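Listed below, chain by chain, are the residues.
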Amino acid sequence: MDIEIVKILTLSIKISLIVKVIADDKIPFLKGVLEPYADVVYLPGKEITRNILIDADAMLIRTRTKCNEQLLRGTNVRFIGTATIGFDHIDSQYCEKNNVRWTNAPGCNSSSVQQYIASALLTVASSFRFCLREKTLGIIGVGNVGSKVAIMAKILGMNVLLNDPPRARKEGDMGFVKIERILREADIVTLHVPLTMSGEDRTYHLFDEVTIKKMKKDSWLFNSSRGEVVNNAALRFSLESDALKGAVIDVWENEPDIDTDLLSKVFAATPHIAGYSTDGKANGTAMVVNSLRSFFSLPLENWYPVNVPKPAFSEIVIDGSGKTEEDIIREAVLHTYSIKTDDDKFRQSPSDFEKQRGDYPLRREFPSWSVKLLNSTEYVRSVIENMGFRIVG
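Residues numbered from 1 in each chain as written. Predicted model: local features only at pLDDT ≥ 70, side-chain atom pairs only at ≥ 80, totals over all residues. Heavy atoms only, no water.

Caption draft 1: A look at the overall build of the protein chain. Each helix and strand counted, the protein chain has 16 helices and 14 strands in total. The C-alpha atoms of the protein chain give 22 Å as radius of gyration, which agrees with the globular expectation for 393 residues (21 Å, within 12%). Along the three orthogonal principal directions, the C-alpha set of the protein chain runs to about 70 × 50 × 45 Å. Residues classed as buried in the protein chain amount to 54% of the 393 residues present. (Helix = DSSP H or I, 4+ residues; strand = E, 2+ residues; numbered from the N terminus. Rg over C-alpha atoms; globule rule 2.2 N^0.38 Å. Buried < 20%, exposed > 50% of the residue type's maximum accessible area, 1.4 Å probe, protein only.)

What follows is the structure, encoded as structure tokens:
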């Protein structure tokens, strides 16, 4: 046997005896990847307890596992990887004080949220009979996700206002505006901030009764960041009193036990799945696997899932005869993802919040689709191509 193969096999055996990983069983594409190099135990996120972690070296989790002193004290955990953008479920101060390395997956699902917001914008515009090119979108939080939403909105011809105080302090005010201007001028406000409980950039209840009252009359609020960024009771009151035209809500306070009265009043409601494209999931898993590999020096270089499923029928044929340019663009976007499909399913059974997330169906992002346009315009072709679709024919 080749001497290098012997070395790799020997190293793999040694690592598997040393490294024990507890993993959320809903992290996609993970099963079988680490088993040649580690002992892996898969559990639902809420069933990962301190007793289970006593002899574990690493955790791979999602947002449902709260990593704090109560969970980690007295365990052998040295590494935590969350396959999510957000990391407010990890007590970073405790981890740093106790030499627990943690990592998240920044930007992994940014294109997925971009797709979700595109579907929401185009669906709202169609339902309320306005053109997006006549509207102003205010984006609160311009990180990986907010930046991609801004690009998409500009491609759709919207006027875009950006607010991101941390970036403005670091980079200068050029390109950013104060939140007061967004509240005053934006027809639609979309939130893409992390959850921060205190400090100068606190986002907990950033949108409360006072903030919402300052929003432009007949404006919309979209939240796909964290539920606690919006005071859900205040939002419900504003919708009941017609202070807002409507809302699109993907994230909720007290998930999965959400305010069903608020659910009944929003235009579109989904169970925290904006970032749940199959591409986003694959990206998140790859990022934490590679971080774990680096931390424990596993012989698993630049891993990425090879079995990401493709759409059954990936070519979209659109005849633009008798349709507006925005109608054609909408048809392409909604073919890849229709927010109302998830909304309908969620309203039928909101108590299945976690099950709907765990069993979420295949959703591929724009680059996985090709579009054949008939009787259309160069403008439409340009917009669809710039959004990431492949144009054929």
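Back to the text.
Caption draft 2: Spotlight on the state of the cysteines. Counted according to the given criterion, the structure contains zero disulfides. Cysteine cysteine 95 shares no disulfide, and the gap to the nearest cysteine sulfur, in cysteine 67, comes to 6.7 Å. The class of cysteine 95 is buried, set by a relative accessible area of 0%. The structure places no disulfide on cysteine 108, whose sulfur is separated from the nearest cysteine sulfur, that of cysteine 67, by 16 Å. Among the residues examined, cysteine 108 registers a relative accessible area of 4% and is labelled buried. (Disulfide = S-S within 2.5 Å.)

Caption draft 3: Representation of the sheet that holds strand E14 (residues 390-392). With respect to topology, three strands assemble into an open sheet ordered E12-E13-E14, the strand pairing being parallel. Bordering the open sheet on either side are strand E12 (315-319) and E14, each of which pairs with just one other strand. Averaged over all adjacent pairs, the angle separating strand axes in this sheet is 30°, with direction ignored. Pairing of E12 with strand E13 (residues 370-374), which is carried by five bridges, proceeds in the parallel orientation. (Pairing = 2+ DSSP bridges. Axes fitted to C-alpha atoms, helices over the stretch in contact; angles between N-to-C directions.)

Caption draft 4: Quick look at the pattern of salt bridges. One pass over the full model with this rule turns up 25 salt bridges. A salt bridge links arginine 167 to glutamate 171, with the nearest nitrogen and oxygen atoms 2.8 Å apart. Within this pair, arginine 167 and its partner glutamate 171 are both found in helix H7 (residues 165-171), separated by four residues, close to a single helical turn. Here arginine 293 and glutamate 301 are joined by a salt bridge, their closest N and O atoms 3.9 Å apart. A single network of salt bridges, built from pairs that share partners, joins Arg64, Glu255, Glu354 and Arg357. (Salt bridge = Lys/Arg side-chain N within 4 Å of Asp/Glu carboxyl O.)

Caption draft 5: Here's a closer look at the packing of helix H5 (residues 110-127) against helix H6 (residues 144-155). Relative orientation of the contacting elements H5 and H6 amounts to 45°, with a least axis distance of 8 Å. Of the possible angle classes, the one that applies to H5 and H6 is oblique. At the point where H5 passes H6, the crossing takes the right-handed sense. When H5 is examined against H6, the residues Ser110, Ser111, Val113, Gln114, Ile117, Ala118 and Leu121 are found in contact with a partner set consisting of Asn144, Val145, Lys148, Val149 and Met152. For the contact of H5 with H6, the residue count by class is seven nonpolar, four polar and one charged. (Parallel < 35°, antiparallel > 145°, perpendicular 65-115°, else oblique. Left-handed = near helix turned anticlockwise from the far one by under 90°. Contact = heavy atoms within 4.5 Å. Nonpolar A, V, L, I, M, F, W, Y, C, P; charged D, E, K, R; others polar.)

Caption draft 6: Examining the packing of helix H13 (residues 325-336) against helix H16 (residues 378-386) more closely. As a packed pair, H13 and H16 sit with axes 10 Å apart at the nearest point and diverge in direction by 30°. The angle between H13 and H16 falls in the class roughly parallel. The two elements H13 and H16 cross, and the hand of that crossing is right-handed. For the pair H13 and H16, contact is made by Glu325, Ile328, Ile329 and Ala332 and by Tyr379, Val380, Val383 and Ile384, respectively.

Caption draft 7: A look at the sheet that holds strand E11 (residues 268-269). Strand order in the open sheet made by the six strands is E7-E6-E8-E9-E10-E11, with parallel pairing throughout. Each edge of the open sheet is held by one strand with a lone partner, namely strand E7 (159-163) and E11. The pairing of strand E6 (residues 136-140) with E7 spans five bridges and is classified as parallel. Opposite threonine 136, over in E7, you have asparagine 159 as the bridge partner.

Caption draft 8: Spotlight on the pairing of strand E4 (residues 79-82). Residues of E4 alternate between two faces, with Phe79 and Gly81 on one and Ile80 and Thr82 on the opposite face, all of them buried. Note: strand E3 (residues 58-61) against E4, four bridges, orientation parallel. From the neighbouring strand, alanine 58 faces E4, where its bridge partner is phenylalanine 79. Inspection of the sheet shows E4 paired to strand E5 (residues 101-103) by three bridges, in the parallel sense. Looking at the pairing, phenylalanine 79 lines up with arginine 101 of E5. Note on the crossover from E4 through helix H4 (residues 92-97) to E5: the handedness is right-handed. (Right-handed = clockwise from strand over helix to strand, strands pointing away.)

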